[in-house]
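A look at the structure
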Amino acid sequence: MTTNAREERPSLDGLGRALMSAGALSSDWAPAYAAVPRAIVLPDLIWPFDLAAGRSVPVSRAEEPERWQEFADSDVPIVTQWDDGQHNGTEPGHVPTSSASMPSVVFRMLQDLDLQPGQRALEIGTATAWNALLMAHRAGPGCVTTVEVDRSLATAAMATVERLRAAVQVVHGDGFQGYQDGAPYDRVIATCGLRAVPFAWVEQCRPGGVIVAPWGTDYSHADAVARLVVAPDGASASGRFTGPVEFMKLRAQRFAPRPHSEYVTGSVADGVESSTTITEAEFVGEQFGPERFAMGLRVPQCSYVVADKHDGARPVWFYSLSDRSWACVLFRDGDTARVWQSGPRQMWAEAQAAFQWWVGHGRPDQSRFGLTVTPEGERAWLDDIAHSWAV
């Protein structure tokens, strides 16, 4: 594989044309898309998300080559590892731990990164190495360093890079620390979800450099892509969120939910009961709607769980991560929702206040929020940095 950032008018396949039409693939990234198809980095056994089945399904290139290629060339996420590599067999494992992301997500994030030829880039989360190879095609030989915490994935990525003769440095290590040996970088990108941006990334990025990373809270998996610019003095990085996304989390920041039984030791009726006129539709919202992201910013140290709906009723749970406070809202079709809560935090009161705040500010989507990172921590803000709060 060669790296040539000056190619013009590449020939695109059907997916490439669809991505360009949708605005996900920009003209400056089209040469990389054409030169580095996702199929060349995928293993023989993959678990793509089958939209018809509504789940990840096993597909073997040896047994179903046409179906394998169809998924490789589709805008769907493809799991490439389960259970940190402890999984055996063809059926899906318990927890997906590495994947090849949806091409539309990959190229939207690369647009946010704004990587230019000759710039040095650090990637956190190598996985299949597809993202690193795309960046190398645009930036040029020797410009991209990618860090992977999983030894088997790093070894496989090194083999892929060698097979394709790409000038990409693959490092086996903990990307939480960045990679000081290659600093300073012009661009830093994470292909894993974060609960806090390590300040090491800011320190290793040049003033005026860009950091792009999926970011969210423990409230839910409804994250958003943060695009941060390092301040001229290098003492902070700040910027807006560009859109919703959901990624597997950086292993150093994985959230381990506590058992329900540690909170509700008896019956839900043991909590203090009340009611709310807020409806299920407006509170729960859509999977990638702004409601859950905004709530996570306003209700700290909280885990939110939407249970399955049965007979017109859906319980929604709130668990405090700072103590054992909890709340449950039971939404029922055509009826007022009942609420139970227990503990010093009064979790539903916090959630309701946050929801009313969000509504009162015009139901802002992810793009109206921003994030500022300093050595002391992180602050989220709405519309401008002057209206910020710690997260």
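Residues numbered from 1 in each chain as written. Predicted model: local features only at pLDDT ≥ 70, side-chain atom pairs only at ≥ 80, totals over all residues. Heavy atoms only, no water.

Details of the sheet that holds strand S8 (residues 168-172)
Spatial ordering of the open sheet is given by S8-S7-S6-S9-S10-S11-S12-S18-S19-S20, a layout of 10 strands whose pairing is mixed. Strands with a single pairing partner mark the edges of an open sheet, and in this sheet they are S8 and strand S20 (388-390). Geometrically, the sheet is characterised by an average inter-axis angle of 20 degrees between neighbouring strands, direction not taken into account. Pairing between strand S10 (residues 205-215) and strand S11 (residues 223-230): six bridges, direction antiparallel. Its bridge partner lying in S11, Pro214 is registered against Val225. (Pairing = 2+ DSSP bridges. Helix = DSSP H or I, 4+ residues; strand = E, 2+ residues; numbered from the N terminus. Axes fitted to C-alpha atoms, helices over the stretch in contact; angles between N-to-C directions.)

Focus: the nonpolar core
Core analysis: the largest hydrophobic core is formed by 57 residues, its most contacted members being Trp201, Trp215, Phe283, Phe318, Trp348 and Phe369. Residue contributions to this core peak at seven residues, all from helix H10 (residues 347-360). If sequence neighbours within four positions are ignored, Trp201 has contacts with Ile124, Gly175, Phe176, Gln177, Gly178, Val188, Ala190, Leu194, Ile211 and Ala213. One finds Trp29, Leu113, Ala132 and Val170 within the second-largest nonpolar core, a separate group that totals 40 residues. (Core = buried A, V, L, I, M, F, W, Y, C linked by side-chain atoms within 4.5 Å. Buried < 20%, exposed > 50% of the residue type's maximum accessible area, 1.4 Å probe, protein only. Contact = heavy atoms within 4.5 Å.)

Re the sheet that holds strand S13 (residues 272-276)
With antiparallel pairing, the five strands of this open sheet are ordered in space as S13-S17-S16-S15-S14. Looking at strand neighbours, the two that pair on one side only are S13 and strand S14 (302-306), the edges of this open sheet. In this sheet, neighbouring strand axes are inclined to one another by 20 degrees on average, regardless of whether the strands run parallel or antiparallel. Direction of pairing for S14 relative to strand S15 (residues 313-320): antiparallel, over a ladder of five bridges. Bridge pairing in S15 places Ser303 opposite Tyr319.

Overview of the side chain of Thr145
Along the chain, Thr145 falls in strand S7 (residues 144-148). Setting aside residues no more than four positions away along its own chain, Thr145 makes contact with Ala121, Leu122, Glu123, Gln169, Val171 and Tyr179.

Some details on helix H4 (residues 103-113)
A large share of H4 lies buried, amounting to eight of its 11 residues. Remark: Asp114 follows H4 within two positions and exhibits a positive phi of approximately 55 degrees.

Structural notes on the confidence of the model for the protein
Low pLDDT means the predicted coordinates in that region are not meant to be read closely. Across the protein, the average pLDDT comes to 95, with 98% of residues at or above 70. Here residues 2-7 is a poorly scored stretch, pLDDT under 50, and it has 11 contacts once near neighbours within four places are set aside; other chains count. (pLDDT = per-residue confidence, 0-100.)

Focus: the packing of aromatic side chains
Under the defined criterion, the tally for this structure stands at 20 aromatic pairs. Judged by centre distance (6.0 Å) and plane angle (75 degrees), the rings of Phe283 and Phe318 are edge-to-face. Within this pair, whereas Phe283 is found in helix H8 (residues 280-284), its partner Phe318 is found in strand S15, the two being separated by 35 residues in sequence. Take Phe283 and Phe318: they sit in the same class, and that class is buried. Among the aromatic residues, those joined into a cluster by ring pairs are Tyr219, Phe283, Tyr304, Phe318, Phe331, Trp348, Phe355 and Trp358. (Phe/Tyr/Trp six-rings, centres within 6.5 Å; stacked < 30°, edge-to-face > 60°.)

Some details on the packing of H4 against helix H5 (residues 130-139)
Packing of H4 against H5 leaves a shortest axis separation of 12 Å and a crossing angle of 45 degrees. With respect to H5, the axis of H4 lies oblique. Between H4 and H5 the crossing geometry is right-handed. Contacts from Pro103, Val106, Phe107, Leu110 and Leu113 in H4 reach Trp130, Asn131, Leu134 and Met135 in H5. In terms of residue class, the contact of H4 with H5 is built from eight nonpolar, one polar and no charged. (Parallel < 35°, antiparallel > 145°, perpendicular 65-115°, else oblique. Left-handed = near helix turned anticlockwise from the far one by under 90°. Nonpolar A, V, L, I, M, F, W, Y, C, P; charged D, E, K, R; others polar.)

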